[in-house]
Amino acid sequence: MKADHRGMHGIWASRWTFILAAVGSAVGLGNIWKFPYITGEYGGGAFVLVYLICVLAVGIPVMMAEILLGRKARMSPVHTMERLTTQYKAPKLFAGIGWMGAVSGFFILSFYSVIAGWILYYVYKMATGFFTGAEGALAEATFGGLLANPLRLTVLHTLFMLLVGVVIARGIHRGLENTLRLLMPVLFVMLLVLLGYSLTTPGFEQGWDFLFRFEPEKLTTEAVIVALGHSFFTLSLGMGAIMAYGAYMPAGQPLGQTVLIVGFVDTLVALVAGLVIFPIVFTHGLEPGAGPGLMFQTLPVALGALPGGVVIGTVFFVLVLIAAWSSAISIAEPAVAWAVEKGFSRARATVFVCSLAWALGLGTVFSFNDWSQNQAFVTVTELNEAGDAVGSEFYLYAAVDDLKKAKEVTGGTYEIKGKTLFDIFDFLTTNILLPLGGVLIALFTGWFMSRSSVEDEARLASQHLFAVWRFMIRFVSPAAILLVLYNGLF
Ligand code: PFF
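All values derive from a computational prediction rather than experimental measurement.

K.L.:
What exactly am I supposed to notice about the sheet that holds strand β1 (residues 374-383) here?
P.N.:
Sheet strands pair by backbone hydrogen bonding; their relative direction is either parallel or antiparallel. The strand order across the open sheet built from three strands is β2-β1-β3, with neighbouring strands paired in antiparallel fashion. Edge positions in the sheet fall to β2 (389-399) and β3 (413-419), since each has one partner strand and no second. Going across the sheet, the axis of each strand differs from the next one's by a mean of 20°, ignoring polarity. The strands that helix α17 (residues 400-410) touches are β1, β2 and β3; relative to β2, the one it contacts most, it runs at about 145°. Along the sheet, helix α18 (residues 421-448) makes contact with β1 and β3, crossing β3 at roughly 65°.

Here is the structure:
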């Protein structure tokens, strides 16, 4: 391994370029696609509040720790954690942070690319005016048709992975930096234009209420785990993406403000996306709990009704695509940087990482069609006439359609819930591995690195601020994550 890895991967032109790259990584499908649909599934306001608390109490402190670790060692997360674990004589377990992150990265990239493929399809549909004047039923049928076609999904998934590969192979400077500089502001303007539109819809108040009205009875343990997991996913934390980007950050720049800007922008984009989508959902009498299809069944209808909707709709989906693209690149970067440090050329490293993630992605492709009935962790809840649960059964694996048929014969009302392969990839990474990575990062930075070296690297504006952050990273963040994970799993 060469001594100076700065030359190997490069350094961002300035702190602002880092901010741009980190925002590019953070703002993605998580904000525009995932946040609205999980908020819908978990009941709105109560979920949003927990999510905001997670971002503040856990996400922001952990983000600072990740950048700090990356910049300290200036290597890929795997080598960064191996080196720092030895340097600070921490238990070997902490060296596993980088490896665990790489594994999470492969899984996340695999399903991220499939979903981004849907966006590609919608760019095409929008541009050809397919949704002009469309009703909700057409949008639902179109989305259903897309999911039912594994070949089409695979082609789209492949195209998106190629887009990602082309940029990664060329390195971070050429292409990515310049493109982002132009496109991120445009993304903002477009979101604001859509917000302006949603403000004029009759469903705006209902949408606002849904997002911000706190109804504690809707808060379940699962919702809290999902909110915590999502705060990691949306801020790109817990798997080394931000650590890898931190490794390219110019030395000596203070971290506090940088982290706050990234966290603030990311949260704002998610809330604005919610304020665009929910009013439209309610205006068109659609269900907020529609799941992953929320954005694909509601926005096209609204956009199709807008004068100039073809242009606005196309631009909107192009921009979501760009947001997904810049995030996907950051998901692959830790593994690619690791392979480069191992002596592979960047091109070969890219082919290796993208091919593996592509192959895993086929699991997600089939989760929406051929394998959709094969589910794991299936609970069958028997409901009485009032809709209350009166009994339940659990299966580690079940063919859900057979189960339904069997229950029809028995009679009675049942609710059957399980996880497809996509659900498992998503839940395992977002709700378990990312928070676990976060806990280990917090414990390592808070308890094993010396106070002085952390303080020197963080360069916060005041001693007081540093003390607050250190308290959060030593006690609050790990305790909160462990508590949530423990409750969720046991
Ligand atoms: N933050 C991205 C999003 O919200 O879409 C997704 C993501 C990027 C997750 C990078 C994890 C990661 F390391």
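K.L.:
Got a minute to help me understand the packing of helix α16 (residues 346-367) against α18 in this structure?
P.N.:
For any two helices packed against each other, the geometry is given by the interaxial angle and the distance between the axes. With their axes 7 Å apart at the nearest point, α16 and α18 run at an angle of 125° to one another. Viewed along their axes, α16 and α18 adopt a mutual orientation that is oblique. Residues L360, G363, T364 and S367 of α16 lie in contact with α18, whose contacting residues are L421, F422 and F425. Each residue belonging to the contact of α16 with α18 can be placed in one class, and the counts come to four nonpolar, three polar and no charged.

K.L.:
Even after reading the chapter, I still don't get empty space enclosed by the protein, so can you show me in this structure?
P.N.:
A probe matching the size of a water molecule, rolled over the atoms, marks out where space remains unfilled. On inspection of all chains with the given rule, the structure shows two cavities of 30 Å³ or more. Quantified by volume, the largest cavity comes out at close to 140 Å³. Only α2 (15-26), α3 (29-41), α6 (96-127), α11 (221-234) and α15 (309-341) provide two or more residues apiece to the lining of the largest cavity. Residue composition of the lining of the largest cavity, by class: 11 nonpolar, seven polar and no charged. Taken as a whole, the second largest cavity spans an internal volume of roughly 60 Å³. Contributing to the lining of the second largest cavity are G101, A102, G105, F106, L109, M239, I331, A332, P334, A335 and V353. Of all the elements in the fold, those that place two or more residues in the lining of the second largest cavity are α6 and α15. It is α6 that provides the largest number of residues to the lining of the second largest cavity, a total of five residues.

Parameters at a glance
- Residues numbered from 1 in each chain as written.
- Predicted model: local features only at pLDDT ≥ 70, side-chain atom pairs only at ≥ 80, totals over all residues.
- Heavy atoms only, no water.
- Pairing = 2+ DSSP bridges.
- Helix = DSSP H or I, 4+ residues; strand = E, 2+ residues; numbered from the N terminus.
- Axes fitted to C-alpha atoms, helices over the stretch in contact; angles between N-to-C directions.
- Contact = heavy atoms within 4.5 Å.
- Parallel < 35°, antiparallel > 145°, perpendicular 65-115°, else oblique.
- Nonpolar A, V, L, I, M, F, W, Y, C, P; charged D, E, K, R; others polar.
- 1 Å grid on protein atoms, 1.4 Å probe; cavity = no way out; pocket = protein on both sides within 12 Å on 5 of 7 lines; lining within 4 Å.
- Points joined across faces, edges and corners; volume = space filled by probe spheres on them.

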